[in-house]
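Overview (structure and organization)
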Amino acid sequence: MKLARNQLTLNGKTVSFTDGETILTLANRMGVHIPTLCHDPRLDPVGACRMCLVEVTGFNRLVPACTQKATPGMEVITENARITRHRQTLLALYMTDHPQDRNAVEKGAPNQLLDLAEQYQAPLNWGRMLPIRSARDDDRNPYILFNADLCISCARCVRYCAEVERVSAITLANRGASTTVATADNASLLDTSCEMCGGCIDVCPTGAMTEKMPLTRNHKPERELRKVRTTCNYCGVGCQIDLNVDDIANDGRGMVVKITSPPPGTTVNDGNLCVKGRFAYDFIHHPDRLTQPLVCNENGELQPTTWDDALEKAVNGLQAVAKRYGADALGFVSSSRCTVEENYLMQKLARAVFHTNNVHQCAAT
Amino acid sequence: MNHIKSDVPELIQQQGGLKPDVSKQVSRHTGVAEADVYGVGSFFHLLSRSDKKLRVCTGLSCQMAGADKVLQAALDAGLPVEPCSCLAACDQPTAVLRDREVIPGVQVEEIKQTGGDWTKLKQEMSPGGKGWLGHIGPSVENDGDLAINLAGAPDWSGTALRMALTRSANHIIAIIKSSELQGRGGAGFPAHIKWQAVQSQSEPERYVVLNADEGEPGTFKDRELLMRRPDRIVEGLAIAAHAVGAKDVFLYLRGEFAYPKKSIELAIQQFRQRGLLADLRFHSHSGQGAYICGEETALLEALEGKRGMPRLKPPFPVEVGLWGKPTLIHNVETIACVPEIIKRGGDWFKNLGRTAAGTKLYCISGHVQKPGTYELPLGITLDELVESAGGYIGKLKAFCPGGASSGFLPADKRNIALDFQALAAVGSMLGSAGVIVLNDTVDMKWAVGQQLRFFEDESCGQCAPCRIGTRYLREAVNAELNGSATMHSPNLKFAEDVAWQMNEASICGLGQTASLALTSAMTYFPEDFQ
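Residues numbered from 1 in each chain as written. Chains lettered and ligands numbered in written order. Predicted model: local features only at pLDDT ≥ 70, side-chain atom pairs only at ≥ 80, totals over all residues. Heavy atoms only, no water.

**Some remarks on the overall build of chain B**
Rules: Helix and strand definitions here come from DSSP, where helices need a minimum of 4 consecutive H or I residues and strands a minimum of 2 consecutive E residues; each element is numbered from the N-terminal end. Each radius of gyration is computed over the set of C-alpha atoms, and the globule rule expresses the reference value as 2.2 Å times the number of residues to the power 0.38. For the exposure calls, accessible area comes from a 1.4 Å probe over protein chains only, and a residue counts as buried if that area is under 20% of its type's maximum, exposed if over 50%, partly exposed in between. The criterion used for residue contact is that any of the two residues' heavy atoms lie within 4.5 Å.
Check the secondary structure of chain B and you find 23 helices and 14 strands. A compact globule built from 530 residues should have a C-alpha radius of gyration of about 24 Å, and chain B, at 22 Å, falls within 12% of that. If one aligns the C-alpha atoms of chain B with their principal axes, the spans along those axes are about 65 × 60 × 45 Å. Each of the 530 residues in chain B was classed as buried or not, and the buried ones make up 64%. Contacts in chain B between residues at least 24 apart in sequence constitute 71% of all its contacts with a sequence separation of at least 6.

Now the structure itself:
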């Protein structure tokens, strides 16, 4: 069979690849599943977790699909007895160094290592070793918890912090079986360059990096929550966020118990969030939050009312000022927390409806 | 050249090790992120455990000579001591590291004499004495049939280098090719292929790197070479640099090689005083306590000031090496063979060997009369080597032909040629030619435990098969030794699968070979595992 310049065979099927494409990317595109742990499309591939090894004709050893570039005429095999043995024995080894009871350890995000061990029926009878990786249990930061027992040293968090955030607050520390994720001098994240974006939590495949708040409040694990996609309202960028809702909490009214980012490659923010978008969600159910329109009564006290009534009062008030003192007596201030479209409408209201240029927004200067 | 080398490990060393706030200071000085500085410092034992002033070698040869007793005596005396991996003094057990200087041949009595003051343990007290030299063979100067000739007087004339400078790169590489010189670091890769590959890169900036991070248990030949014949090494490096078009040569010596480092630095001065090496820049770098940095890509990472974690190959260093530039990296002994090859020709060198080209420095330690470094034709047998070393002590039971990574062979394999090919054919390897002889007083399960602890301590931790597998096997063997095995502890009945996984899926040679000590011993000495 003659192959074109940009073709190879994947499990015996001829497929075309693009220049620079890795075996993993190509396989994903063709719907061929290759398991991974240390891979993240936002990061440079490192081939460290060894989960994605496949067979390539001409190579004696199994080859990491995440780092190996597709080349013309290559013959790639992703499923055979050797690869099955590899996946099972690798996962069995991982499991000797990892808690196995899902109910006990899966407090936050789904544990992808436990998932893979189930999926590939890895033997779980190889015995267990005591955890020896050091953590920072006294880190007083309010958001990010590192559970070293769950860490598989894949360094996704470390690489994300360096390559995406360009912050490098954390590092792989020590070596061998003691390899762990640490800060300089094991300082609290608050005393490092950390910006609390929580990206380390987002990329962690096992939940070793996890949100502190849902944990200390005993909220349900992520698997039992319903995700509601919405737009973050902290600024105008328009990051998509997933509200993680416990439908029966809050006396059956439902409750947002944490926020996660959509998978990379699916939304404008590519799976990234900032400290506010990811962690500052307590306003949602805060008792001080305005949840209905309020207007002042004769005694100057705010009283609940309907939207129609509230808007009518606002319109009347604005028009009265304009009529009595002229349009330039009015000023319109909006917020960088509004979207671009909302801010556009605000200036339209000022300029086209009330004929004043007195309009401002905190991100405009 | 933007980067000569990174200062991070050296600066941590200058601050007295990885103490609180050192990461901050080094970060401020270098611009490297604080966390990254900490990550580097915590990787290297000489930096991360700077409070330990003494380190007792726990390599197999030292252990067979009673290193545990020396360690226990030091602990009992309240000395700031810890066990450490092989110190490249297997011929003179027990070796103790004092700060960065190795003191060979330390006895329990000497530890007791310190009276709890570690500074009183001194070099003069040890029988190894000045300069840390061991037995060599042939022990008298022999000019006819040796590529290295350890007993020979250093030759500062630069004859080979002068000859090389008048020849084209292709001509020199052709001579190396005809010599059939194979890399002496462990893999036995044909040297000329590397030279040709670096020489033919389109990138004009190339480097030569000397791998003097000798740390494979049972191996100490590079130590002898660096101290006795640094002339051979420096001249070889200069010839290699000329052939591949490099102007910068990097020397990476393990941190415990304080004396060998002085020796090679003096040799560079000797040649310079004679007007040689004019346009070459030498950069010497000390390791900080990590065996894995003898793996060539981990060494390059360490030279760049990072954690010594091996890179994925390909690409190989000849294409993408130090700072991404084409790099020729060779073991000390490989480079030291070069001057005589240039002087006397490829055929001369090739014919020195018996089953493969050249003479070879064999290190021998353990149960033999005169442990030491012996230069012999490549392909001799164990019995011939031991004869040079004064004969066996006791009855031969097993031997490691090439360091801990080569596993164990039984006495009935004593007639195999000690070369790259023949040993590979029986599932072992010549490796660094660090031969350890074990007599019938040794329990193989105990010996395996020593080797496995070494690999566990020295695994870089980057990939799971090695990080978890080395620990798993060591715990499984320990459980057997201590009789502490339970239903839930690592178990030798899974050793075959663990070893298969480590060999198949580890990133570098450490993980790929670490299980061999166990699997070979279980194959050849099943009675010791019942």
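**Description of the sheet that holds strand β11 (residues 372–377) of chain B**
Strands in a sheet are paired, the pairing made by backbone hydrogen bonds, and the direction either parallel or antiparallel. All names here are of chain B. Applied cut-off: When DSSP finds at least two bridges between two strands, those strands are taken to pair. Geometry is summarised by axes, namely lines fitted to C-alpha atoms with helices restricted to the contacting stretch, and by angles between N-to-C directions that run from 0 to 180 degrees.
Strands sit in the order β5-β11-β10-β14-β12-β13 across an open sheet of 6 strands; the sheet is mixed. Of all the strands in the sheet, just β5 (135–137) and β13 (409–410) have a single pairing partner and so form its edges. Relative to β13, strand β12 (residues 396–400) runs antiparallel, the two being bridged by 2 bridges. Its bridge partner lying in β13, A398 is registered against P410. Contacts from helix α11 (residues 221–228) reach β5, β10 (359–366) and β11 within the one sheet, and its direction differs from that of β10 by about 120°.

**Focus: the interface of chain B and chain A**
Defined as follows: Summed over both partners, the accessible area (1.4 Å probe) lost when two parts come together is defined as the buried area. The rule for a salt bridge is simple: a side-chain nitrogen of Lys or Arg has to be within 4 Å of a carboxyl oxygen of Asp or Glu.
With 50 residues of chain B in contact, the opposing surface of chain A contributes 44 residues. For the pair chain B and chain A, the summed buried surface comes to about 3800 Å²; carbon and sulfur atoms form 55% of the total. Together, Y38, R467 and R471 of chain B form the three largest contributors to the area buried by chain B at its contact with chain A, with a combined 17%. Counting across the chain B and chain A interface gives 4 salt bridges.

**So, the domain arrangement of chain A**
Rule in force here: In this entry, domain limits derive from an automatic or database-based domain assignment.
Taken domain by domain, chain A holds domain 1 (7–79), domain 2 (214–289) and domain 3 (294–361). Here the C-alpha centre of domain 2 of chain A lies 34 Å away from the C-alpha centre of domain 1 of chain A.

**A look at a nonpolar patch on the surface**
All names here are of chain A. To keep it simple, the criterion reads: Here a patch means residues that are over 30% exposed by relative accessible area and free of salt bridges, tied together within 9 Å if like-charged and within 5 Å if nonpolar (Val, Leu, Ile, Met, Phe, Trp, Tyr). Methods summary: accessible areas were calculated by the Shrake-Rupley approach with a probe of 1.4 Å, and residue burial reflects only the protein chains presented.
Among the surface-exposed residues, L290, L294 and L302 lie close enough to one another that they form a single nonpolar patch of about 300 Å² accessible area. Tracing the backbone shows L290 in the loop between α8 (275–279) and β13 (294–296). A relative accessible area of 66% means that L290 is categorised as exposed.

**Observations regarding the pairing of strand β12 (residues 255–260) of chain A**
Residues and elements named next belong to chain A. Judged by how many residues are buried, β12 sits mostly within the fold: 5 of 6 residues are covered. Direction of pairing for strand β11 (residues 240–246) relative to β12: antiparallel, over a ladder of 5 bridges. In the strand pairing of β12, L243 is matched with I259.

**Some details on the domain arrangement of chain B**
All names here are of chain B. Structurally, chain B comprises domain 1 (3–48), domain 2 (54–120), domain 3 (146–350), domain 4 (359–439) and domain 5 (444–529). Each of domain 1 and domain 3 has a C-alpha centre, and these two points are 27 Å apart. Each side of the interface is counted separately: domain 1 has 16 residues, and domain 3 has 22 residues. Summed over the shared surface of domain 1 and domain 3, the result is 0 salt bridges.

**Concerning the nonpolar core**
Applicable threshold: In this text, buried Ala, Val, Leu, Ile, Met, Phe, Trp, Tyr and Cys residues form a nonpolar core when linked through side-chain atoms within 4.5 Å.
Of all hydrophobic cores here, the largest spans 129 residues; its most connected members are M209 of chain A together with F408 and L438 of chain B. Element by element, the count of residues in this core is highest for helix α20 (residues 464–482) of chain B, at 7 residues. With residues near it in sequence (within four places) discarded, L438 of chain B still touches L60, M64, H367, K395, L396, K397, A398, F399, F408, M444 and A447 of chain B. L225, V244, I264 and F349 of chain B belong to the second largest nonpolar core, which has 88 residues in total.

**Regarding the side chain of N331 of chain B**
Residue and element names in this part refer to chain B. Going by this rule: Under this definition, polar contacts are N or O atom pairs within 3.5 Å; protein pairs additionally need one hydrogen-donor-capable and one acceptor-capable atom, and for neighbouring residues in sequence, both atoms have to be side-chain atoms.
Within the secondary structure, N331 sits in strand β9 (residues 327–331). Classification of N331 by relative accessible area gives buried; the value is 11%. At 3.0 Å, the side chain of N331 and the side chain of K221 are in polar contact. Polar contacts involving the side chain of N331 include one to the side chain of D222, which spans 3.0 Å. Sequence-distant contacts of N331, that is, excluding residues within four places in its chain, are made with R184, G185, L210, N211, K221 and D222.

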